[in-house]
Amino acid sequence: MHKIFIPFLFIILTVQSAFSQAGSGVYKFLDLPVSSRLAALGGSNVSLNDNDINFGFQNPALLTTETHNTLGINMANYLADIRFGSAVYGRTIGTKNYLAVGIQYVDYGLFKEATVQNEIIGEFTAKDIALSLIYARPLSDKYTVGATLKPVYSVFERYTSYGLAIDLGASYKDTANLFSAGLVLRNIGTQFKGYYADENGQHLESLPFNIQLGMSKKFKHAPLRLSFTLHDLQQWDLSYQSTNQPTETIGTVTDEKKIGFIDMFFRHSILAAEFVPTKNFYLAIGYNHRRQKEMSMNGFKSSAGFSFGGGIKIYKFHAGFGMSQFQVGNYSYQFSITTNLNEFRL
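Analysis parameters
Residues numbered from 1 in each chain as written. Predicted model: local features only at pLDDT ≥ 70, side-chain atom pairs only at ≥ 80, totals over all residues. Heavy atoms only, no water. Buried < 20%, exposed > 50% of the residue type's maximum accessible area, 1.4 Å probe, protein only. Helix = DSSP H or I, 4+ residues; strand = E, 2+ residues; numbered from the N terminus. Pairing = 2+ DSSP bridges. Core = buried A, V, L, I, M, F, W, Y, C linked by side-chain atoms within 4.5 Å.

Peer 1: Would you mind showing me how to read the pairing of strand 15 (residues 281-288) here?
Peer 2: Along any regular strand the residues' side chains alternate between the sheet's two faces. Burial along strand 15 is one-sided: the residues Y282, A284, G286 and N288 are buried and none of F281, L283, I285 and Y287 is. In this structure, the hairpin formed by strand 14 (residues 269-278) and strand 15 is closed by a connection of two residues. Looking at chain direction, strand 15 and strand 16 (residues 306-314) are connected through seven bridges and run antiparallel. Directly across from Y282, in strand 16, lies its bridge partner G311.

Rendered as structure tokens:
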């Protein structure tokens, strides 16, 4: 009994800690979509189990025997000329030990350093980097569990920080019914060194802890797959104080427009669909309701919250493209290349 109780107690304490940390945190780049396909599916997916090694970043339990000796490289042109990307390589040891090592990075570019008098005195950079050591093991033909160890390093000019995050995931796959599901506890961990210290010591902040649950279903007689992903399940209220939303002022008290139950539920949801006529080609569309609500602007029409993409196998490479819009004129473009190195053997 104690073998079950101790992990369960650990999860409960982690969730309680996450509630007290809502609305703050560091290393938010860990939630960026690591591949073009994930970007096209709305930014996150923890259930789609079809041997795409890049999904191991999202849910370690999505590694399979087919990800052995597979290499994935991803690049993105983000907002305001920010660049981010990832790379991952998978191996299988024996028949039940699925491994992968990956890296994520964000390069915020080169900045001019100036004094308060606006005198240019130099330049500086800002970067975030995370290493992922991923392990998964099948418990049966349908169930797989996995974990990821993620050392994180961040530097903004002379301010540096490092910490450690852990992902715990589980995956279920019913091949006969073309159904799969996944559950992940992402970014369990802590900062070891904050960006600065004061008289109380290191200023440490919480990591972007996130409980995600998802399911994917492919139709037997149609080339269509649907995915439904729930995120931030550790925290119901995802609202924040906005300066561009309708408010009602009574006397000296400002009451911000309240978010209804249905709206709040869908802010936890990501809907996605894929057209998959063959295993070597797909078209995808996703809708992230929280992104649409938070990025919309009064008086402007945009497709914020929607994302699109596709992929095709060319020779021995799978190439993918994803596009997301955040506001009018603000797009993020993502490119991916994946290959199984076994195909190059003579």
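Peer 1: Teacher, can you tell me more about unusual backbone geometry here?
Peer 2: Excluding glycine, residues mostly carry a negative phi; peptide bonds, for their part, are mostly trans. For N51, which is not a glycine, the phi torsion comes out positive at approximately 70 degrees. Summarising the element assignment, N51 is placed in the loop between helix 2 (36-40) and strand 1 (70-77). Unlike most non-glycine residues, Y315 shows phi in positive territory, near 60 degrees. Overall, Y315 belongs to the exposed group, its relative accessible area being 62%.

Peer 1: Whenever I open this one, the nonpolar core confuses me. Can you help?
Peer 2: Note on soluble globular proteins: their nonpolar side chains tend to be buried together. Formed by 19 residues in total, the largest nonpolar core has its most connected members in L41, F55, L63, V88, A100 and A284. Only helix 2, strand 3 (97-114), strand 4 (120-138), strand 14 and strand 15 provide two or more residues apiece to this core. L30, L32, A130 and V152 belong to the second-largest nonpolar core, a separate cluster that totals 14 residues.

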